[in-house]
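In case you want the letters, here they are:
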Amino acid sequence: MRKEQEENRPAEEAGRGTERIYLQIENPGGDETEIDLFHIASQMSRKKRLYGYLFAMAVSAGVFAGLFLIGIRQVKGDGSYAQAVITFQYEGIEEGIDPNGAAFDINKLKSPTVIESALEESGISDASVEDIRQNIMIEGVIPKDAVERITVINAMAEKDASNYEKIMDVTYFPSQYVVSMYQGSGMSASETREILNAVLESYRRYFLDTYANTAVLTVTGNLLSYEEYDYGESVDMLQTQLDIMLHYVQERGEQAPDFRSADTGLSFGDITASLETVKSIDMANLSSYIENNVLTKDRERQIEYYNFRIKNYTMLLSQQQTQLDTVQNTLDNYEKTPVVIVSGQENTQEISQADVYYDELVSQKLALSEEIAETNAKLNEAYILLDTVSSTTRQSSEKEYETADRMLEKLVDTLTQWSVRIEQTTEEYYSTTLFSNAVKIAVPAQFKAAGGIVSIARTVFICVAVAVLAVAVLWSLDGLRMELLSMRGGRQER
């Protein structure tokens, strides 16, 4: 039988053509054996009925294994998750900075403070904050312009592979994030979705509380304790508080010159004008009344206070003067960027290049000069007040003290009222204008079960493919084994 097969193979080979595919196997003795792959296929075809049954069994086993894995995942909750999309829209997010100018950190969304607040608002007490934090995954969405740059670089790299290095230079900061929360053990689908929505809403409140904090100006009736502070100290404290309020409102006015609160009916310009009136009239009247009547509760303590102010102003003036001298020396020795002259046949054009660093030095010089002038004015004022308190022998009357107390109490009450108006106006500005869309839940949480159609199909396909591949490998090895036995028998007969 084998002899007939050997005799028939040349005829089969002639029928198939002259091109053959051989498999070389190295024997332990160093010899090589060439095996025709067509002969292996011929051997495999003898058992095609058997392996046809095995393939059918492999497909059935793969389907069963895939469904079994899906069932286990469904029971354990593995692979099931809720997913939402959150977007940020404020100035600076494209550069990866937060509203305060620091690096933006999206992972604060998973902070225990945010999650605890979310669970408290949802009324869920049996969930673990740490388990929820570990189950939350955040992925940034690549901006469209970054995708376009990467696409262009990939197209260029098809012609020159060195362009692939340029992809590393493409930087981007996402303004949109996909937030996923995997289903925890013993957690239902609705709970998973509810908790993720609560976490996103809690983070939105946290963001506004952090970067739109309007409780920065607080003046209460307990700001001054008349038993602990002298009149001069009280005036300085109120002056400082008023300056803080003015600076705060002026900054908001520069951001939103046209904003007007529907609640208070005030714009930031209105508040600025009112505070400046308080400063120029009420504060000035109180200060002049105290200074003209040399009102003090403890003359020696007041003298020490003015001496302390003089010492501080003198040190500050020396520091500012040193800074100004440094800036001036830098300007004197600075070489500005030369002017570029472009000459043509008909005309000559001068092109001056901007020198940003030199302009910054000039701005610093002007700012320091203003600060020095202001410090000098305060220093001279402290000297005058010290001289007045030290040289006077006048005794103030009880009526003068009562008048000063009433003026002081009225000024404190005025600043308290304006502080409340500022907070209300600023809060409305942040919530309705500046940060109205700073944090937006673009797509609320949607639950995606592990047993979805796509997931089921993918899992079953993988299991079936593995089983079929195993049978195919077994069939090929069986055909190779049969061909080797056939060749060995032929050699023995010869």
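For the structure, check the block above.
What counts as what
Residues numbered from 1 in each chain as written. Predicted model: local features only at pLDDT ≥ 70, side-chain atom pairs only at ≥ 80, totals over all residues. Heavy atoms only, no water. Core = buried A, V, L, I, M, F, W, Y, C linked by side-chain atoms within 4.5 Å. Buried < 20%, exposed > 50% of the residue type's maximum accessible area, 1.4 Å probe, protein only. Helix = DSSP H or I, 4+ residues; strand = E, 2+ residues; numbered from the N terminus. Pairing = 2+ DSSP bridges. Axes fitted to C-alpha atoms, helices over the stretch in contact; angles between N-to-C directions. Contact = heavy atoms within 4.5 Å. Phe/Tyr/Trp six-rings, centres within 6.5 Å; stacked < 30°, edge-to-face > 60°. Lys NZ or Arg CZ within 6 Å of the ring centre and 35° of its normal. Patch = residues over 30% accessible without salt bridge, like charges linked within 9 Å, V, L, I, M, F, W, Y side chains within 5 Å. Areas by Shrake-Rupley, 256 points an atom, 1.4 Å probe, with all protein chains shown as cover. Salt bridge = Lys/Arg side-chain N within 4 Å of Asp/Glu carboxyl O. Lys, Arg positive; Asp, Glu negative; His and termini not counted. Charge placed at Lys NZ, Arg CZ, Asp CG, Glu CD. Expected span 1.5 Å × (residues − 1).

Just to check I follow, could you spell out the nonpolar core for this structure?
Across soluble globular proteins, nonpolar side chains show a tendency to be buried alongside one another. Grouped together as the largest cluster of nonpolar side chains are 60 residues, with contacts concentrated most on Ile 86, Phe 88, Phe 104, Leu 109, Tyr 203, Phe 207 and Leu 275. Among the secondary structure elements, those contributing two or more residues to this core are strand 3 (81-88), helix 4 (112-122), strand 5 (176-182), helix 7 (189-211), helix 8 (231-255), helix 9 (268-292), helix 12 (398-434) and strand 8 (439-448). Broken down by element, the residue count for this core peaks at 9 residues, all from helix 12.

Teacher, can you tell me more about unusual backbone geometry here?
Peptide bonds are mostly trans, and most non-glycine residues show a negative phi. The backbone of Val 294 shows a phi angle near 45 degrees, a positive value even though the residue is not glycine. Positionally, Val 294 belongs in the loop between helix 9 and helix 10 (299-332).

Teacher, can you tell me more about the sheet that holds strand 8 here?
Strands pair in a sheet through their backbones, by hydrogen bonds, and they do so in one of two ways: parallel or antiparallel. Spatially, 4-5-3-8 is the arrangement adopted by the 4 strands of the open sheet, whose pairing is antiparallel. Edge positions in the open sheet fall to strand 4 (136-140) and strand 8, since each of these has one partner strand only. Averaged over all adjacent pairs, the angle separating strand axes in this sheet is 20 degrees, with direction ignored. Across the sheet, helix 7 is in contact with strand 3, strand 4, strand 5 and strand 8; its angle to strand 8 comes to roughly 170 degrees.

Looking at this structure, how should I read the packing of aromatic side chains?
By convention here, two paired aromatic rings are described through the distance between centres and the angle between planes. In this structure the tally under the stated criterion is 16 aromatic pairs. Taken together, the ring pairs connect Phe 88, Tyr 90, Phe 104, Tyr 177, Tyr 203, Tyr 206 and Phe 207 into an aromatic cluster. Over the face of the ring belonging to Tyr 248 we find Arg 252, whose NZ or CZ atom lies 4.6 Å from the ring centre. When the ring centre of Trp 418 is taken as origin, the NZ or CZ atom of Arg 421, which lies over that ring, is 4.5 Å away.

I keep staring at a negative patch on the surface and nothing clicks. Help me out?
Among the surface-exposed residues, Glu 116, Glu 120, Glu 121 and Glu 201 lie close enough to one another that they form a single negatively charged patch. No other element matches the 3 residues that helix 4 contributes to the negative patch. Residue placement: Glu 116 occurs in helix 4. Given a relative accessible area of 47%, Glu 116 falls into the partly exposed group.

Help me out: how do you make sense of helix 7 in this one?
Spacing of three or four residues puts side chains on the same side of an α-helix, whose turn is 3.6 residues. Between its first and last C-alpha, helix 7 extends 33 Å over 23 residues, near the 33 Å set by a 1.5 Å rise per residue. Of the positions making up helix 7, those classed as buried are Thr 192, Ile 195, Leu 196, Ala 198, Val 199, Leu 200, Ser 202, Tyr 203, Phe 207 and Tyr 211.

Explanation requested: the environment of Gly 186 in the structure shown.
Mapped onto the elements, Gly 186 comes out in the loop between strand 5 and helix 7. Note on Gly 186: relative accessible area 80%, which makes it exposed. Taking C-alpha positions, Gly 186 is 9.7 Å from Ala 127, a pair spaced 59 residues apart along the chain.

Even after reading the chapter, I still don't get helix 11 (residues 356-391), so can you show me in this structure?
In a regular helix each residue adds 1.5 Å, so 36 residues correspond to 52 Å; helix 11 covers 53 Å between its end C-alpha atoms and thus fits that length. Taken as a whole, helix 11 has its buried residues at Leu 361, Leu 368, Ile 372, Thr 375, Leu 379, Ala 382, Leu 385, Leu 386 and Val 389. The inward-facing, buried residues of helix 11 abut helix 9 and helix 10.

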